[in-house]
Amino acid sequence: MKGLLLAAASSLLCVAAVTVVFRVVDVPRRAAAMLGIFLATIPLYVAAYVLTPADLRLLPGWLVEPRGFLCGAFGLFVHAALFFGGWLQVYNLAERGFSLRILIDIDESPARALSAEEAEAAYGGGRGMGWMLDKRIEGLLSTRLIVERDGRLMATGKGTRAARLFGGLRAFLRIDTPQ
Amino acid sequence: MNPDALGTALRAGAAWTAAAVVGHFVVFHFVRVEHRARTVTLLFALAAVATLGTCLLLDVDRWRAVYGVVVVACGFLLYMPFYYTVAASQSVQLVIEVRAAAHGLSLAQIRRRYPVEETLGGRLETLAWAGYIVGVGGRFVLTFKGRLVSRPFRAIKKLWRLGPGG
């Protein structure tokens, strides 16, 4: 139980630190900043686990784990899962979610209702739908998955490997249309 | 009582999580699945129940059996974003198409492949089908389910000072 409680505390500390950093500093690469903050909480978790008593001075005996190392490793796994599967995904959705952006645009419109044409123009806080595609292409260029040569976009070695992996998975899972 | 209750529970959780992932691949490969996200969720829910059952069969106390379920829940948290990247990411789709074209693609060709109206129309259709929006007098409004998603994310975007995004 100690591992789980410390994992929950570390996760909350991590998201509190992310919130403070995002509010105080203009961070250009936010996902990388989040990862850095998460990594910084790992030694804190380990130190807290090692330095605190097994019962945290509040747990009943039946909740104290005799295998301390395993309990500590389990807590660390939970902390990592909460970050990579939780907070980082919340950020990714808020920053890049296509469907979510449409829902927010409708919600933020004066009449709280948009036609398809209005949604197209209002997309991304008024940037329009064309911007969405540009943003994806810029992202692929900046991560070196594709490069521009003579006005054409080509897959790099990294992009080719990614395309093979994801294309293979999509074919195997018989996914042909994004859902 | 099992002397290695925690270890047994964690191993059971890990094994059933792996079974859920294998099950996902097998089911999706052999069956044309309509409700994909729901099916993956169901597979992990079954894994959680199986973990509980396995723990109780192996004499693990109830409290530590829950740890096994936590392993399945964490596996689900980590697996779903991966699955969505494979299934729905437009960046992934783009890089697959760029790689498939023998001489790459120009920006104009990409724009032709992703016509704005069709892309938006398709997504609006999906959102309506999933019950997040509903058409009223030629316009789309959020349903209760849609507001339930939109409002917390609006608050997060404000709290974290994120741009419009999308």
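Everything that follows concerns the structure shown earlier in this document.
Residues numbered from 1 in each chain as written. Chains lettered and ligands numbered in written order. Predicted model: local features only at pLDDT ≥ 70, side-chain atom pairs only at ≥ 80, totals over all residues.

### Comments concerning the sheet that holds strand 3 (residues 152–155) of chain A
Piece 1. Strand order in this open sheet of three strands is 2(A)-3(A)-1(B), and the pairing throughout is antiparallel. Strand pairing shows two members of the sheet lacking a second neighbour, strand 2 (146–149) of chain A together with strand 1 (105–106) of chain B, which therefore form its edges.
Piece 2. Of the strand pairs in this sheet, strand 3 of chain A and strand 1 of chain B are connected by two bridges, and their pairing is antiparallel. Within strand 1 of chain B, the residue paired with L153 of chain A across the bridge is L105 of chain B. (Pairing = 2+ DSSP bridges. Helix = DSSP H or I, 4+ residues; strand = E, 2+ residues; numbered from the N terminus.)

### Structural notes on the sheet that holds strand 1 (residues 113–114) of chain A
Piece 1. The three strands are arranged 1(A)-3(B)-2(B) in an open sheet whose pairing can be described as antiparallel. Only two strands of the sheet have a single neighbouring strand rather than two, namely strand 1 of chain A together with strand 2 (133–136) of chain B.
Piece 2. Pairing of strand 2 of chain B with strand 3 (residues 139–142) of chain B, which is carried by four bridges, proceeds in the antiparallel orientation. In the sheet register, G135 of chain B faces strand 3 of chain B, and the bridge partner there is F140 of chain B.
Piece 3. Contacts between helix 4 (residues 98–108) of chain A and the sheet are confined to strand 1 of chain A together with strand 2 and strand 3 of chain B, with strand 3 of chain B contributing the most and set at about 95 degrees to the helix.
Piece 4. Strand contacts of helix 6 (residues 116–129) of chain B: strand 2 and strand 3 of chain B, with the helix running at about 105 degrees to strand 2 of chain B, the strand carrying the most contacts. (Contact = placed C-beta atoms within 7 Å. Axes fitted to C-alpha atoms, helices over the stretch in contact; angles between N-to-C directions.)

### Some words on the nonpolar core
Piece 1. Counting residues in hydrophobic clusters, the biggest one holds 62 residues, and the most contacted among them are L103, I106 and A119 of chain A together with A9, F44 and V72 of chain B.
Piece 2. Tallying contributions element by element places helix 3 (residues 62–88) of chain B first for this core, with nine residues.
Piece 3. Ignoring anything within four residues of it in the chain, the contact list for A9 of chain B reads C55, V60, R64, A65, Y67 and G68 of chain B.
Piece 4. Membership of the second largest hydrophobic core comes to 14 residues, among which are F166 of chain A together with V92, L94 and L105 of chain B. (Core = buried A, V, L, I, M, F, W, Y, C linked by C-beta atoms within 7 Å. Buried ≥ 20, exposed ≤ 12 C-beta atoms within 10 Å, placed from the backbone.)

### Some points on the pairing of strand 3 of chain A
Each regular strand displays side chains that alternate between the two surfaces of the sheet.
All names here are of chain A.
Piece 1. Side chains of strand 3 alternate between two faces, with L153 and A155 buried and R152 and M154 left unburied.
Piece 2. Where strand 2 and strand 3 come together, four bridges link them in antiparallel fashion. Directly across from E148, in strand 3, lies its bridge partner L153.
Piece 3. Linking strand 2 to strand 3, which pair antiparallel, is a turn of two residues; within it D150 sits at a positive phi near 50 degrees.

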